[in-house]
Amino acid sequence: MPVRIYGIQAAQAAMLRAVNAARPGDGLQAALKEAAPVAHRYAVAITHVDTGALKASHKIALHPTRAEIYLDPAARRSDGRQPAVYGPFEHARGGSHAFYQRVVDERANEIGDAAARGLQRYLRG
């Protein structure tokens, strides 16, 4: 009895999209573009405010296989102090001061969900 396979071309096209999704600049980039702003927004929201410079100095950099959220080394307060210099000390105080650790601890699921949405949008074409 002959066997018929239906939808093989659609399955192959979907598999190709899935393989391409893991390549830099394709699906992975789509996931990063969705996830990084979620992490950035939360880091900004929970950073303690003195002058506002530390809160304002959080930046996003997208790379082919990763995203970074970091304190902008060019940022300066009105008194000349640099958030990129004193920010790590603030973070190291721990607890509610540890803004980047809190992003991971408190928003990992939300960030992962955002990445999944970006990847799903890419795979749907």
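What you are looking at is a predicted structure, and each value in this text was computed from that prediction instead of being measured.

> How would you explain the overall build of the chain if you had to name every residue and give the values?
Assigned secondary structure in the chain consists of five helices and two strands. If you list the helices and strands of the chain from N to C, you get α-α-α-β-β-α-α. A total accessible area of about 8,100 Å² is found for the chain, and carbon and sulfur atoms account for 56% of it.

> A description of the packing of aromatic side chains should follow, citing residues and the corresponding values.
Under the criterion given, the structure shown has one aromatic pair. On the numbers, 4.8 Å between centres and 80° between planes, the contact of Phe 99 with Tyr 100 is edge-to-face. Among the residues examined, Phe 99 registers a relative accessible area of 1% and is labelled buried. Positioned over the ring face of Tyr 86 is Arg 81, at 4.6 Å from the centre of the ring.

> Go over the side chain of Ser 57 with me, naming the residues and quoting the values.
By secondary structure assignment, the location of Ser 57 is in the loop between helix H3 (53-56) and strand S1 (58-62). Look at Ser 57 and you get buried, because its relative accessible area is 1%. Within the structure, the side chain of Ser 57 is placed 2.9 Å from the backbone oxygen of Leu 54, a separation counted as a polar contact. When sequence neighbours within four positions are dropped, the list of residues in contact with Ser 57 reads Tyr 70, Leu 71, Asp 72, Ala 75 and Pro 83.

> Residues and numbers for the pattern of salt bridges, please.
A complete count under the given rule lists seven salt bridges for this structure. The closest approach of N and O atoms between Glu 34 and Arg 121, which form a salt bridge, is 2.5 Å. With Glu 34 in helix H2 (residues 27-46) and Arg 121 in helix H5 (residues 99-124), this pair connects stretches of sequence that are 87 residues apart. With a relative accessible area of 26%, Glu 34 lands in the partly exposed category. In this structure, Arg 107 and Glu 110 form a salt bridge, with 3.0 Å as the shortest nitrogen-oxygen distance. One end of the pair, Arg 107, and the other, Glu 110, are both in helix H5, three residues apart, so they sit about a helical turn from each other. A relative accessible area of 27% means that Arg 107 is categorised as partly exposed. In the salt-bridge network here, residues are joined through shared partners; they are Asp 50, Arg 77 and Asp 79.

What counts as what
- Here the residue numbers are simple positions, counted from 1 along each chain's written sequence.
- This being a predicted model, a pLDDT of at least 70 is required before a residue's local features are given, and a value of 80 or more before pairs of side-chain atoms are given or counted; all residues contribute to the totals for chains, interfaces and linings.
- Values shown for side chains rest on all heavy atoms present in the structure; no hydrogens or waters enter the calculation.
- By definition, any uninterrupted DSSP run of H or I lasting at least four residues is a helix, any uninterrupted run of E lasting at least two residues is a strand, and each is numbered from the N terminus.
- In short, Shrake-Rupley with a 1.4 Å probe defines the accessible areas, and a residue's cover is counted only from the protein chains shown.
- Two aromatic rings, drawn from Phe, Tyr or Trp (for Trp, its six-membered ring), form a pair once their centres lie within 6.5 Å of each other, and the interplanar angle then sorts them: stacked below 30 degrees, edge-to-face above 60, tilted otherwise.
- Only protein chains enter the area calculation, which uses a 1.4 Å probe; residues under 20% of their type maximum are buried, those over 50% are exposed, and those in between are partly exposed.
- Any Lys NZ or Arg CZ found within 6 Å of a ring centre and within 35 degrees of that ring's normal is scored as a charge over the ring.
- Under the rule applied, a polar contact is a pair of N or O atoms within 3.5 Å (in protein, one hydrogen donor and one hydrogen acceptor; residues adjacent in sequence only if both atoms are side-chain atoms).
- Any two residues having at least one pair of non-hydrogen atoms within 4.5 Å are treated as being in contact.
- Throughout this description, the term salt bridge denotes a Lys or Arg side-chain nitrogen within 4 Å of a carboxyl oxygen of Asp or Glu.

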